[in-house]
Amino acid sequence: MSLLRLFLDTNIYILGAVNSTTSEGQILIWLEQLESSSQVELVVSEELLDQVARVAKRLTNKDQAGRLINRILKYPRIFYVSFNNDEIGFWLNQGTIPSEDVEIYLTAKTGDAQCFVSSNRKLIRTLVTETKEFECLTPEEFIKKYLPS
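Residues numbered from 1 in each chain as written. Predicted model: local features only at pLDDT ≥ 70, side-chain atom pairs only at ≥ 80, totals over all residues. Heavy atoms only, no water.

## Digging into the sheet that holds strand β3 (residues 78–81)
Our working rule: At least two bridges found by DSSP between two strands are what make those strands a pair. Only runs of H or I of at least four residues qualify as helices and only runs of E of at least two qualify as strands under DSSP, and these elements are numbered from the N terminus. Only the contacting stretch of a helix is used when fitting its axis, a line to C-alpha atoms as for every element, and angles between N-to-C directions run 0 to 180 degrees. Contacts are residue-level and defined by heavy atoms, with any inter-residue pair within 4.5 Å sufficient.
Across the sheet, which stays open at both edges, the 5 strands sit in the order β3-β2-β1-β4-β5 with parallel pairing between neighbours. Sheet topology places β3 and β5 (135–137) at the edges, where each strand pairs with a single neighbour. Between one strand and the next, the sheet's axes are offset by a mean angle of 30 degrees, whatever the strand orientation. Here strand β2 (residues 40–45) runs beside β3; their pairing, made up of 4 bridges, is parallel. Among the inter-strand pairings, Val43 is bridged to a residue of β3, identified as Phe79. Here helix α8 (residues 139–146) sits on the sheet and contacts β1 (4–8), β4 (115–117) and β5; the angle it forms with β5, its principal contact strand, is near 115 degrees.

Have a look at this one:
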């Protein structure tokens, strides 16, 4: 298997942390079991981590949010990206990506993600229809395609 640059949407981290028996939880467990020699690289950005922390804090508490961020940053291979306000403004003006998802989209785009996994079916449809830049899968589709049986 060649290198797979993987982007997981905020909802994967949140739902997976809340319940490890869900598809989202199975993906997180699989990632934690990977070794540094693995051919899977996780794309993250400050914006993604901030969003995960904000949502996790709202749903649980700041300690749980901190543990979740720590869990993400412990994955064996991380590709950390950043982008500027001009790029955000450009995509906001385009109107093709929902405004609340522009920074998420830019994280995956800037990180050259090959696969974008989200439980947000509306966002997946938008990305597949409008950008066609990466493979967009639901957690269940990702598990069927990429996780060992």
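## Considering the nonpolar core
Nonpolar side chains tend to gather and get buried jointly when the protein is soluble and globular. Where we set the bar: Here, nonpolar core means buried Ala, Val, Leu, Ile, Met, Phe, Trp, Tyr and Cys residues that are tied together by side-chain atoms lying within 4.5 Å of each other. Relative accessibility under 20% of the residue-type maximum defines a buried residue, over 50% an exposed one, and the middle range a partly exposed one, all with a 1.4 Å probe and only protein chains included.
In terms of nonpolar packing, the biggest core is built from 50 residues, with Leu6, Leu8, Tyr13, Leu31, Ile72, Phe116 and Phe142 touching the most fellow members. With 6 residues, the single largest contributor to this core is helix α3 (residues 46–59). Sequence-distant contacts of Phe142, defined by excluding residues within four places in its chain, comprise Leu4, Leu6, Ile27, Trp30, Cys115, Val117, Leu137 and Leu147.

## Quick word on helix α7 (residues 121–130)
Rule in force here: Working definition: the arc comes from the directions between the helix axis and the C-beta atoms, pointing outward to the latter. Throughout this description, a polar contact denotes any pair of N or O atoms lying within 3.5 Å of each other; where both atoms belong to protein, one of them has to be capable of donating a hydrogen while the other can accept it, and for residues adjacent in sequence the pair is counted only when both atoms sit in side chains.
Those residues of α7 that sit buried are Leu123, Ile124, Thr126 and Leu127. Buried residues of α7, seen end-on, are gathered within an arc of 160 degrees and therefore sit on one face of the element. Away from its buried face by more than 90 degrees, α7 exposes Lys122, Arg125 and Thr129. Structurally, α7 contributes buried residues whose contacts are with α6 (102–110), β4 and β5. Residue Asn120 occupies the N-cap position of α7, its side-chain oxygen lying 3.2 Å from the main-chain nitrogen of Lys122. The first or second residue beyond α7 is Lys132, which carries a positive phi of 50 degrees.

## A short note on the environment of Thr131
Tracing the backbone shows Thr131 in the loop between α7 and β5. Beyond its immediate stretch of four places on either side in the chain, Thr131 contacts Ile97, Tyr105 and Thr126.

## Some details on the pairing of β2
Along β2, 6 of the 6 residues are buried, which leaves the element largely enclosed by surrounding structure. Side chains of β2 alternate between two faces, with Val40, Leu42 and Val44 and Glu41, Val43 and Ser45 buried alike. As paired strands, β1 and β2 are joined by 3 bridges and run parallel to one another. Of the residues in β2, the one forming a bridge with Arg5 is Glu41.

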